[in-house]
Amino acid sequence: MIQILLKDTDGARDAMSQTRQLLSKIGRIPPFYVNSFLIGQFYFDLYELKQAILSDDTHDIAKYRKKAALSGKQALKNSDKSALDRTEIFRLMGTYCWLVNRKNKAMKWWDKSIGESRRFGFRIEAARTYMEIGKRLLEGNGGLKKDGDSKAEEYLEKARIVFQEMKLQRDIDELDKIVA
């Protein structure tokens, strides 16, 4: 995930390949440890899907849409056994649904993410979900029946409050880029 954030897709691809090989050699691993790999794979596939959408490559869009759907389902299935990463997985599922033009379904996933965040007291994860919702709504609500641009600013403001309280400069910087 760090390599994707640094836009090192080749490094991320190599790391995922090495991890996949290691997992196949080891055999059974507790779900808690597998979560990081599955989330990383889902994150990577979402990144590739976003790139395909930006380049308007219909072949790659179809390819990465399927890959992201599969890795998302695997991460969701594993989260039944290990709840700590559920908020992030739900947020990523929302992002996937948004990217494939299932806006109302995306909002449902993001609501689940926020609900899980509140349940566990994960304020940062809730704030990151608020930021994702605000970011996507600013792009255009794409036929979403509820929540428009005014809601986008509300979500972004909720995120900013938490980020500032917790002094999360990287998240504040990312939020500033979204608003700009």
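Everything numeric here is computed off the predicted structure, so don't read it as measured data.

Participant: Even after reading the chapter, I still don't get the packing of aromatic side chains, so can you show me in this structure?
Facilitator: Any aromatic ring pair is given by two values, namely how distant the centres are and how the planes are angled relative to each other. Summed over all chains, the structure comprises 4 aromatic pairs. Here the aromatic rings of Phe 90 and Trp 109 are separated by 5.4 Å at their centres, their planes lie at 45°, and the arrangement is tilted. In this pair, Phe 90 is assigned in helix 5 (residues 86-99) and Trp 109 in helix 6 (residues 103-120), connecting sequence segments 19 residues apart. In terms of burial, Phe 90 and Trp 109 fall into one category: buried. Directly above the aromatic system of Trp 98 lies the positively charged group of Lys 103, at a separation of 4.3 Å from the ring centroid. A cation over a ring is seen here: Lys 112 above Phe 90, with NZ or CZ 5.7 Å from the ring centre.

Participant: In this structure, what is going on with the packing of helix 6 against helix 7 (residues 123-139)? I would like to understand it.
Facilitator: When two helices pack together, their arrangement is given by the angle between the helix axes and the distance between those axes. Contact pair helix 6 / helix 7: the axes reach a minimum separation of 8 Å and the direction vectors enclose 160°. Classified by the angle their axes make, helix 6 and helix 7 are roughly antiparallel. Read as a crossing pair, helix 6 and helix 7 show a hand that is left-handed. Each of Met 107, Trp 110, Ser 113, Ile 114, Ser 117 and Arg 118 in helix 6 lies in contact with helix 7, whose residues at this interface are Glu 125, Ala 126, Thr 129, Tyr 130, Glu 132, Ile 133 and Arg 136. Residue composition of the contact of helix 6 with helix 7, grouped by class: 6 nonpolar, 3 polar and 4 charged.

Participant: I would appreciate a short explanation of the environment of Lys 63 in the present structure.
Facilitator: You can see Lys 63 is positioned in helix 4 (residues 58-79). Judged by relative accessible area, which is 39%, Lys 63 ranks as partly exposed.

Participant: In this structure, what is going on with the side chain of Asp 171? I would like to understand it.
Facilitator: Secondary-structure assignment places Asp 171 in helix 9 (residues 169-179). What makes Asp 171 buried here is its relative accessible area of 2%. Setting aside anything within four residues of it in sequence, one finds Asp 171 in contact with Arg 128, Met 131 and Phe 163.

Participant: How should I be thinking about unusual backbone geometry in this particular structure?
Facilitator: Glycine aside, residues mostly have negative phi, and peptide bonds are mostly found in the trans state. Positioned with a positive phi, Asn 101 is a non-glycine residue whose angle comes to about 65°. By the element assignment, Asn 101 lies in the loop between helix 5 and helix 6. Taking relative accessible area as the criterion, Asn 101 reaches 58% and is therefore assigned exposed. Phi at Lys 167 is positive, roughly 55°, even though this residue is not glycine. Counting through the fold element by element, Lys 167 comes out in the loop between helix 8 (149-165) and helix 9. Of the residues examined, Lys 167 reaches a relative accessible area of 71% and is grouped as exposed.

Analysis parameters
- Residues numbered from 1 in each chain as written.
- Predicted model: local features only at pLDDT ≥ 70, side-chain atom pairs only at ≥ 80, totals over all residues.
- Heavy atoms only, no water.
- Phe/Tyr/Trp six-rings, centres within 6.5 Å; stacked < 30°, edge-to-face > 60°.
- Helix = DSSP H or I, 4+ residues; strand = E, 2+ residues; numbered from the N terminus.
- Buried < 20%, exposed > 50% of the residue type's maximum accessible area, 1.4 Å probe, protein only.
- Lys NZ or Arg CZ within 6 Å of the ring centre and 35° of its normal.
- Axes fitted to C-alpha atoms, helices over the stretch in contact; angles between N-to-C directions.
- Parallel < 35°, antiparallel > 145°, perpendicular 65-115°, else oblique.
- Left-handed = near helix turned anticlockwise from the far one by under 90°.
- Contact = heavy atoms within 4.5 Å.
- Nonpolar A, V, L, I, M, F, W, Y, C, P; charged D, E, K, R; others polar.

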